Structures are given as C-alpha cells and as structure tokens.
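Topology and contacts: notes
The primary structure of each chain is shown beneath.
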Amino acid sequence: MFGYVLHESLIQFPKVLTSTEISKRLKIGYKAASLLKRRFQLFCSDQLPKYKDLTYNALNDQFKDFLLPPNENKDISKKMANKPYVCVDTAVLYSAGERANKGRKRYSSKGATSSIYLSPKLGGKQVGTLVQTIGVKNGPVFFTSVPNQKAETLGPIIKDHIPTSSALFSDLGYSWLWGVYRNHRTVNHSARSKDNRFRWARNRYSKNGIHSQVAEGNNRLLKTAFASYGWIRPEYSTLYLNEFSFIKNANVFGLDVLVDSGLSRKLFASNRRWLREEPVKIRSKRSLLEQYSHLLTKNIML
C-alpha cells in the first residue's frame, strides 16, 4: 500500500493524493488511509534533505566564481539565460478574511501575516499557513511553513538552502538579503508609471531580466494543488509542504539520486538533456517496483 501511495503521488503530480482518495482506491477505512498518508509524509520529510543537499552542492558548483555586473540597470537576460538562478517569495494558504473573523478587522493592517491569524478579539489563533518558497529555474523547489516574514525568520531558511554565491532574485520585500548574497537583485512590484494615464509601470514584474516568477509560478501550483485538501491545520503544514516538495523534486531529479551519490555536478549543466530525460522513467508504463527494484534491497521503500 505504501508503494501504491508513492507511485500514485508521482504520476498524479501536481495533483495531490488525499486521504479520501487513498481510502476509496485501496478499499480501506479513512482512519487507516490517514495513517498511511501521514507515514508517507514522514518518509518524504526524511528524504527531502537529500534533495536539498544535492541542490545546494550543484548551485555552489555553478556559481562558484560568478558575479553579476555592479550596474543594476544593466540587462542581464543573456547572462542568465543558461543559469539556474533562484527566486524567493512568500505565499498564503487558506487566508482568514473578515468572514472567518466574524466581521471583525484582521490581525494587522498590512502584510501577508495579517491573512493567517484571527482577530485578537477572537484569540488571535493561526488558521492559515504562510509559505516561504525557494524555486530554482527549471529545477527543484522547497516550501517551508513560517510564522512571519521577518528577516530573522526567513534569512536562516534561505541561507540553509542556497549558497551565498548564487544568483538570487526577489521583490523588494527581501532587500535585506543584499548584505548576504552578492548576486542578489530585486524587482519593484509597486513601480508606478511615468505616464499619467496609467497607474502601474510595465516593468513592475520583470526588469532587465530580473523577476521572481519562478517562485510565483510554484506558488500558483501549490495553491491549486492544495485546494483539493480544502483546509489543513497549520501545525501539520510542514508535513504537507515537505510531501509536495519531495514529489516535485522527485519529478525533477528522479528517485535514483536517493541511493546514488556523485550526480550533483551534472544536474544543472548548461545542456539540459539529462535534466529533461532522466525523470521520464518515473512516468513509464512499467511498474515502479520493476523500475526501482534496487530500492527494495536498500530499504528505501519499506
């Protein structure tokens, strides 16, 4: 049954496999399906650091001696065309609006944090989930549940996943990363147009090849997928996000890297053929046990 959950999660991605679906397909009770789902999430949480280390080493190798031009107004599109640059952003899952607050005002007047907490008059309980997204162009993504958007909260997470030499793009909310990442660039999402006929500038999403669309695209993917759950408790959000990150990265890297070492240097090569072809084995018509029989001998799936 565990192998079935792993197999279905891989081939159904980006759709998530809910406990209700597991219960109906395996003809087991909902309680047993929930327990199986939780065990699978623990498995994903246990294996996800391997993908994180793999990504960290690959980025460190790619950007070891890399340096962006000091002039921030210079277009870097051609320079970054074949580079696995990183984008960071935050997203809110299951926000608490005025309806959830029984008509009261939200927790605070501004910021994404105001969307995940109830009004202080209702106890200030957290009902939504704030997600820190770290996405690599044409590569892996890592979602982390965070309580707020403060630098002391997000900084250690980003530094733990991304080497300081990497090209890192974000919006102005991450301006404090300048002192840590030498190749950090930002785009102003609040840029105003110089033409009085228009409110917003045309380049407020992408300017000189700098954008955060990799992270924003993954945020959209996450929100669409998590709509199948309806709602999850914030205290369990880390397990759900680790599961989704693991399945996403397994479709990028494949499963062989979990038991084989020494592949990190070839993952983000300028020639993307290996990155495109290798994970196709997961989507083959052959059974997962036939493709990855060696996993059984190494006690990865059991």
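One structure accompanies this document, and this report is about it. (Residues numbered from 1 in each chain as written. Predicted model: local features only at pLDDT ≥ 70, side-chain atom pairs only at ≥ 80, totals over all residues. Heavy atoms only, no water.)

1. Topic: the overall build of the protein chain
For the protein chain, the count of helices and strands is 10 helices and 5 strands. Considering the protein chain as a whole, with its 302 residues, one finds that 51% of them fall into the buried category. Looking at the protein chain alone, contacts between residues at least 24 apart form 60% of all its contacts between residues at least 6 apart. When the accessible surface of the protein chain is summed, it comes to about 15900 Å², and 49% of that surface belongs to carbon and sulfur atoms. (Helix = DSSP H or I, 4+ residues; strand = E, 2+ residues; numbered from the N terminus. Buried < 20%, exposed > 50% of the residue type's maximum accessible area, 1.4 Å probe, protein only. Contact = heavy atoms within 4.5 Å. Areas by Shrake-Rupley, 256 points an atom, 1.4 Å probe, with all protein chains shown as cover.)

2. Here's the deal with the pairing of strand β3 (residues 141-146)
When strand β2 (residues 129-136) meets β3, the two strands line up antiparallel, connected through 6 bridges. By the bridge assignment for β3, Gln132 is matched with Thr144. The turn linking β2 back onto β3 is made up of 4 residues, and Asn138 within it adopts a positive phi angle of 55°. (Pairing = 2+ DSSP bridges.)

3. Regarding the side chain of Ser23
Among the structural elements, Ser23 can be located in helix α2 (residues 19-26). Taking relative accessible area as the criterion, Ser23 reaches 13% and is therefore assigned buried. Apart from the residues within four sequence positions on either side, Ser23 is in contact with Ile28, Gly29, Tyr30 and Ala33.

4. What to know about the packing of aromatic side chains
What characterises a pair of aromatic rings is the spacing of the ring centres plus the angle enclosed by the ring planes. In this structure the tally under the stated criterion is 14 aromatic pairs. Consider the rings of Phe43 and Phe246, whose centres lie 5.7 Å apart with planes at 75°: the pair is edge-to-face. Of this pair, Phe43 sits in helix α3 (residues 30-62) while Phe246 sits in helix α6 (residues 237-253), placing them 203 residues apart in sequence. Since its relative accessible area comes to 12%, Phe43 is described here as buried. Ring centres of Tyr174 and Trp176 lie 5.8 Å apart, and the angle between their planes is 40°; this geometry places the pair in the tilted category. With relative accessibility at 4%, the residue Tyr174 sits in the buried group. Overall, Trp176 belongs to the partly exposed group, its relative accessible area being 29%. Put simply, the rings of Phe2, Phe40, Phe43, Tyr51, Phe246 and Phe253 touch in pairs and so form one group of aromatic residues. Just above the ring of Tyr236 sits the side chain of Arg38; from NZ or CZ to the centre is 4.8 Å. Its guanidinium or amino end placed over the ring of Phe63, Lys83 lies 5.6 Å from that ring's centre, counting from NZ or CZ. (Phe/Tyr/Trp six-rings, centres within 6.5 Å; stacked < 30°, edge-to-face > 60°. Lys NZ or Arg CZ within 6 Å of the ring centre and 35° of its normal.)

5. A look at α2
By the burial criterion, the buried members of α2 are Ser19, Glu21, Ile22, Ser23 and Leu26. On the buried face of α2, the contacting elements are α1 (2-12) and α3. Phi turns positive one or two residues past the end of α2, at Lys27, with a value near 60°.

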